[in-house]
Amino acid sequence: MTRPPAPGTHGRTLVASDLDRTLIYSAPALELTMPDASAPRLLCVETYEHKPLSFMTEEAARLLAALADEALFVPATTRTPEQYLRVHPPGPPPRYAVCANGGHLLVDGESDPEWREHVAGRLTECAPLDQVRAHMLEAARPEWLLKERVADGLFAYLVVERSLLPGTWVKELAEWAGDHGWSVSLQGRKVYAVPHPLTKSAAVAEVARRTGTGRTLAAGDSLLDADLLQYADAAWRPGHGELADSGWAAPHLRALADRGVLAGERILHEMTAALTEEAATPPHSVVSGPGPAPAVSAPPPVAPSPAPRPAR
Ligand SMILES: [Mg+2]
């Protein structure tokens, strides 16, 4: 896959972020703790079956629109393209978006065929979806299994009644899946099983390669974001989610204490500050180069490796 960098992107910072529970929040995930009279005003960025579903604070929306003017903003989500296209972040529609955990690279809203072909080739390296799906269904119990879904023929997930899900079930599934080249992630009411070759970092690295961007900033909250955060030059995670719960850390990672929708706002504030600092730094003092992958103090047991960083 060789093509010249997209115009106007060379050397710009790439900002890659997970969406759900990182930048956008459903009502149960808002975690607003202040008196109602002091709650921030919220912008609805997604409607599902004619009802409002996902929100960000108005301040977060303002920050994201400004950030997308300065940097190349690339949403990086486990949502399928169809689920992603329901989300309308502020600012112009992102030129590039990573969907299905890296299974699709959307360019101007269309799934890139060359990337799909590349991904299909890599999926031969792990156990087939049918085998993993069958194992998940066999291990699940009707008392807590609400729905079972396959996303675009790429990975599987269960929707569960979280309060009835045994504490050890996800861990046992993750151990089995790890031996078969798959990762497991529990996010809200969904248990995902995703093949190791399907990573957000690989797709974001492809965007960086095509566009010739400089540094990468990233944010995410779940184990499926770990490889992306590890790949980035600077990264953020909220005080909620799987990464916070497992104490995941890295030298270039800011672990925020903020939880819920206010964590999304804080991430965007700090990313904006990082961009501003970078713009104010004289070019000769910028430390660049790929460097070694950062050491993580507590790598998640089921997260795949990040994509190699492109030469910069
Ligand atoms: Mg998330």
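Residues numbered from 1 in each chain as written. Predicted model: local features only at pLDDT ≥ 70, side-chain atom pairs only at ≥ 80, totals over all residues.

Draft legend 1. Quick look at the overall build of the protein. A count of helical and extended segments in the protein gives nine helices and 15 strands. Each of the 312 residues in the protein was classed as buried or not, and the buried ones make up 43%. Of all intrachain contacts in the protein linking residues separated by at least 6 positions in sequence, the fraction that spans at least 24 positions is 63%. (Helix = DSSP H or I, 4+ residues; strand = E, 2+ residues; numbered from the N terminus. Buried ≥ 20, exposed ≤ 12 C-beta atoms within 10 Å, placed from the backbone. Contact = placed C-beta atoms within 7 Å.)

Draft legend 2. Summary view of helix H1 (residues 58-70). The end-to-end C-alpha distance of H1 is 19 Å, a good match for the 18 Å that 13 residues give at a rise of 1.5 Å each. Among the residues of H1, those classed as buried are Ala60, Ala61, Leu63, Leu64 and Leu67. The buried residues of H1 occupy one face: seen down the axis, they fall within an arc of 165 degrees. Residues of H1 that are buried in the fold lie against strand E1 (14-17), strand E3 (42-48), strand E4 (51-57), strand E5 (72-75) and helix H9 (261-280). (Expected span 1.5 Å × (residues − 1). Arc of directions from axis to C-beta.)

Draft legend 3. Geometry of the sheet that holds strand E11 (residues 182-187). Read from one edge to the other, the open sheet built from four strands follows the order E9-E10-E12-E11, with strand pairing classed as antiparallel. Each having just a single partner strand, strand E9 (145-151) and E11 make up the two edges of the open sheet. Ignoring strand direction, the axes of neighbouring strands in this sheet form an average angle of 15 degrees. Against the sheet, helix H4 (residues 129-139) touches E9, strand E10 (155-160), E11 and strand E12 (190-195), its axis set at about 15 degrees to E10. Sitting on the sheet, helix H5 (residues 169-179) is in contact with E11 and E12, with an inclination near 160 degrees to E11. (Pairing = 2+ DSSP bridges. Axes fitted to C-alpha atoms, helices over the stretch in contact; angles between N-to-C directions.)

Draft legend 4. Layout of the sheet that holds E1. Reading across from one edge, E5-E1-E13-E14-E15 is the order of the five strands in this open sheet, with parallel pairing throughout. Two strands bound the open sheet, and with one partner strand each, they are E5 and strand E15 (253-255). The average angle at which neighbouring strand axes cross in this sheet is 15 degrees, direction not considered. In this sheet, strand E13 (residues 216-219) lies alongside E1 in parallel orientation, the contact comprising four bridges. What sits directly across from Val15, in E13, is Leu217. Together, E1, E13, strand E14 (234-237) and E15 form the strand contacts of H9, whose direction differs from that of E14 by roughly 165 degrees.

Draft legend 5. Focus on the nonpolar core. Judged by nonpolar contacts, the single largest core of 81 residues is most densely connected at Val15, Ala16, Val74, Phe155, Ala193 and Val204. Here this core spans two domains, and each of domain 1 (14-121 + 198-285) and domain 2 (127-195) adds at least three residues to it. With residues near it in sequence (within four places) discarded, Val204 still touches Ala16, Val74, Ala76, Val98, Thr216, Leu228 and Tyr231. (Core = buried A, V, L, I, M, F, W, Y, C linked by C-beta atoms within 7 Å. Domains from an automatic or database assignment.)

Draft legend 6. Representation of unusual backbone geometry. One non-glycine residue, His50, lies in the positive phi region at around 70 degrees. Turning to its location among the elements, His50 is positioned in the loop between E3 and E4. Residues other than glycine seldom take positive phi values, yet Asp108 does so here, at roughly 50 degrees. The topology assignment puts Asp108 in the loop between strand E7 (104-107) and strand E8 (110-111).

Draft legend 7. Quick look at the pairing of E14. By the bridge criterion, three bridges tie E13 to E14 in an arrangement that is parallel. Pairing of Leu217 across the sheet is with Ala234, part of E14. The sheet contact formed by E14 and E15 spans three bridges and is parallel. Its bridge partner being in E15, Ala235 is matched across the sheet by Leu253.

Draft legend 8. Main features of the environment of Arg189. With respect to the helices and strands, the residue Arg189 is situated in the loop between E11 and E12. For Arg189, a count of 17 C-beta atoms within 10 Å puts it in the partly exposed group. Once residues lying within four places of it in the same chain are set aside, the contact partners of Arg189 are Val159, Val160 and Arg162.

Draft legend 9. Summary view of the packing of H1 against H9. Taken N-terminus to C-terminus, the directions of H1 and H9 make an angle of 30 degrees; their axes are 9 Å apart at the nearest point. With respect to each other, H1 and H9 are oriented roughly parallel. Crossing hand, H1 versus H9: left-handed. Every residue of H9 that contacts H1 at Glu59, Ala60, Leu63, Leu64, Ala66, Leu67 and Glu70 is listed here: Gly264, Glu265, Leu268, His269, Met271, Thr272 and Leu275. (Parallel < 35°, antiparallel > 145°, perpendicular 65-115°, else oblique. Left-handed = near helix turned anticlockwise from the far one by under 90°.)

Draft legend 10. Seen up close, the confidence of the model for the protein. The predicted model of the protein has a mean per-residue pLDDT of 90, with 89% of residues at 70 or higher. Residue range residues 284-302 is modelled with pLDDT below 50. Its contacts to residues more than four positions away, or to other chains, number 33 contacts. (pLDDT = per-residue confidence, 0-100.)

Draft legend 11. Local environment of the pairing of E9. When E9 meets E10, the two strands line up antiparallel, connected through six bridges. Directly across from Glu148, in E10, lies its bridge partner Leu158. Hairpin connection, E9 to E10: the antiparallel pair is bridged by three residues, and Asp152 has positive phi, about 55 degrees.

Draft legend 12. Local environment of the environment of Pro28. Tracing the backbone shows Pro28 in the loop between strand E2 (25-26) and E3. Judged by local crowding, Pro28 falls into the exposed class, with 9 C-beta atoms found within 10 Å.

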